[in-house]
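# Fold and contact review
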Amino acid sequence: MDKISWKYALGLDLDDEGFDPSVLSEFRTRVVAHSLEQRVLDLLLDALKVEGLVGAGGKQRTDSTRVIGAVRDVNRLELAGESVRAALEAIAVAAPDWLPTVIDIADWGRRYGARVDTWRLPTSKTKRAELVAAYGTDAVALLRAVYDTGAPPWLRELPAVDVLRRVLVQNYVITTNAAGREVVRAREADTDGLPPGRTRLSSPYDLDVRWAAGRAKGEGVAWNGYKVHITETCDHPTRHRPAGTQPAGTQPGSDRTSSSEWRPRMRPCRTRR
């Protein structure tokens, strides 16, 4: 579960992991098998009626707004390198004695000692391509070491390790060249395909942010963050002016009146996220 709106509706904390992907499909199957999908909607409507948020004949409008994530905007090169660095830091804290047995600390320290940032990366396309391959190769090597039978099994449960695994799957492919050697290379959108933006990670430190695009005032807008859906419920006026009538104390064509007899009484819109 990665939608803030659902966590809000269910009263869950923002850091609640929700359904595990491996059991979500089973949950949906049980709901359909027992015809409970309509029951869920009925219960939701009943709860909204009790709170006075919806009523018979009322109107609602739903819209979404952009919320920018509190993370750096990174490209795929930075994402790959920073994901490796984040996993290294987590493992260094959790298993400081094990890490030097599987990697060259000095060599990796030169690549991942500082934050991976575009300002520090080479500008040459050739060197950047080499760096992309190096990040992917390092990610594969580190993950294989973590998932090796001789490694502490609890290392696989570190969130940063799982993030690295997902970034690797989403951005790299492992192939074999003509000489039979393994090659780790970046995915190409045209030939290999990339996951859709709604599932592709855009930061190793906030797994909910996504790159999205939309339109605002006729112009294209892109942002890295969330979409918050807002629903407003507005009551109709309790009294309506009969067609073709003019209340006492007003001039023709005027909406002013000295009496509240014909003044529509509106309760303010209630906004729910």
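Residues numbered from 1 in each chain as written. Predicted model: local features only at pLDDT ≥ 70, side-chain atom pairs only at ≥ 80, totals over all residues. Heavy atoms only, no water.

Attention now moves to the overall build of the chain. When you go through the chain residue by residue, the secondary structure sums to seven helices and six strands. Moving toward the C terminus, one meets the helices and strands of the chain in the order α-α-α-β-α-α-α-α-β-β-β-β-β. Of all 273 residues assigned to the chain, the portion counted as buried reaches 27%. Taking the contacts inside the chain whose residues are at least 6 apart along the sequence as the reference set, 60% of them involve residues at least 24 apart. Approximately 18600 Å² of the chain is accessible, and the part contributed by carbon and sulfur atoms is 54%. (Helix = DSSP H or I, 4+ residues; strand = E, 2+ residues; numbered from the N terminus. Buried < 20%, exposed > 50% of the residue type's maximum accessible area, 1.4 Å probe, protein only. Contact = heavy atoms within 4.5 Å. Areas by Shrake-Rupley, 256 points an atom, 1.4 Å probe, with all protein chains shown as cover.)

For the rest of this paragraph, the subject is the confidence of the model for the chain. Summing up the model confidence of the chain, the mean pLDDT is 80 and the portion of residues at 70 or higher is 80%. Mean pLDDT across the elements of the chain bottoms out in strand E6 (residues 270–272) (47) and peaks in helix H7 (residues 159–171) (96). Within the model, the stretch residues 236–243 combines pLDDT values under 50 with 17 contacts to residues more than four positions away or in other chains. Contacts for the low-pLDDT stretch residues 245–273, under 50 throughout, to residues beyond four places or in other chains number 49 contacts. (pLDDT = per-residue confidence, 0-100.)

This brings us to the packing of aromatic side chains. What the rule picks out here adds up to two aromatic pairs. Relative to Tyr112, the ring of Trp108 lies with its centre 5.8 Å away and its plane at 45 degrees, an arrangement referred to as tilted. Pair noted here: Trp108 and Tyr112 are both in helix H5 (residues 105–112), with a separation of four residues, about one helical turn. A residue is classified by how much of its surface remains accessible, and Tyr112, at 5% relative accessible area, is buried. Linked through ring pairs, Trp108, Tyr112 and Tyr135 together constitute an aromatic cluster. Above the face of the Trp108 ring, Arg111 is positioned so that its terminal group lies 5.9 Å from the ring centre. (Phe/Tyr/Trp six-rings, centres within 6.5 Å; stacked < 30°, edge-to-face > 60°. Lys NZ or Arg CZ within 6 Å of the ring centre and 35° of its normal.)

Since there are 3.6 residues in each turn of an α-helix, residues three or four apart along the chain are aligned in direction. Compared with an ideal rise of 1.5 Å per residue, which puts 19 residues at 27 Å, helix H4 (residues 76–94) spans 27 Å between its outermost C-alpha atoms and is within 8% of the ideal. Of the residues that open H4, the one with a side-chain oxygen 3.1 Å from the backbone nitrogen of Leu77 is Asn75. (Expected span 1.5 Å × (residues − 1). Polar contact = N/O pair within 3.5 Å; in protein donor to acceptor, adjacent residues only side chain to side chain.)

Within the secondary structure, His229 is located in strand E5 (residues 219–234). Once the C-alpha coordinates of His229 and Thr65 are considered, the two residues, 164 residues apart in sequence, prove to be 6.5 Å apart.

This next bit is on a nonpolar patch on the surface. Judged by side-chain polarity, Phe19, Val23 and Phe27 come together as a nonpolar surface patch covering roughly 230 Å² of accessible area. Along the chain, Phe19 falls in the loop between helix H1 (4–9) and helix H2 (21–33). (Patch = residues over 30% accessible without salt bridge, like charges linked within 9 Å, V, L, I, M, F, W, Y side chains within 5 Å. Salt bridge = Lys/Arg side-chain N within 4 Å of Asp/Glu carboxyl O.)

Below, the discussion takes up the pairing of strand E3 (residues 182–186). Both strand E2 (residues 172–176) and E3 contribute to a ladder of five bridges, which runs antiparallel. The residue bridging Tyr172 from the neighbouring strand is Ala186, located in E3. In textbook terms, the turn of a hairpin is the stretch between consecutive antiparallel strands, and for E2 and E3 this stretch comprises five residues, one of which, Gly180, has a positive phi near 85 degrees. (Pairing = 2+ DSSP bridges.)

A few words on unusual backbone geometry. Phi is positive for Ser35, close to 55 degrees, though the residue is something other than glycine. Checked against the element boundaries, Ser35 lands in the loop between H2 and helix H3 (37–50). Taking the relative accessible area as the measure of exposure, Ser35 reaches 51% and is therefore exposed.

Next up on the list: the pattern of salt bridges. In this structure the tally under the stated criterion is eleven salt bridges. Linking Glu82 and Arg85 is a salt bridge whose minimum nitrogen-to-oxygen distance equals 2.7 Å. Placement of both Glu82 and Arg85 in helix H4 is noted, with a separation of three residues, approximately one turn of the helix. For the pair Glu82 and Arg85, a shared accessibility class is recorded, and that class is buried. Glu182 is the partner of Arg144 in a salt bridge, and the nearest nitrogen-oxygen pair spans 2.8 Å. In this pair, Arg144 sits in helix H6 (residues 125–146) while Glu182 sits in strand E3, placing the two residues 38 residues apart along the sequence. For Arg144, a relative accessible area of 47% gives the class partly exposed. A network of salt bridges, in which partner residues are shared, links Arg72, Glu78, Arg115 and Asp117.

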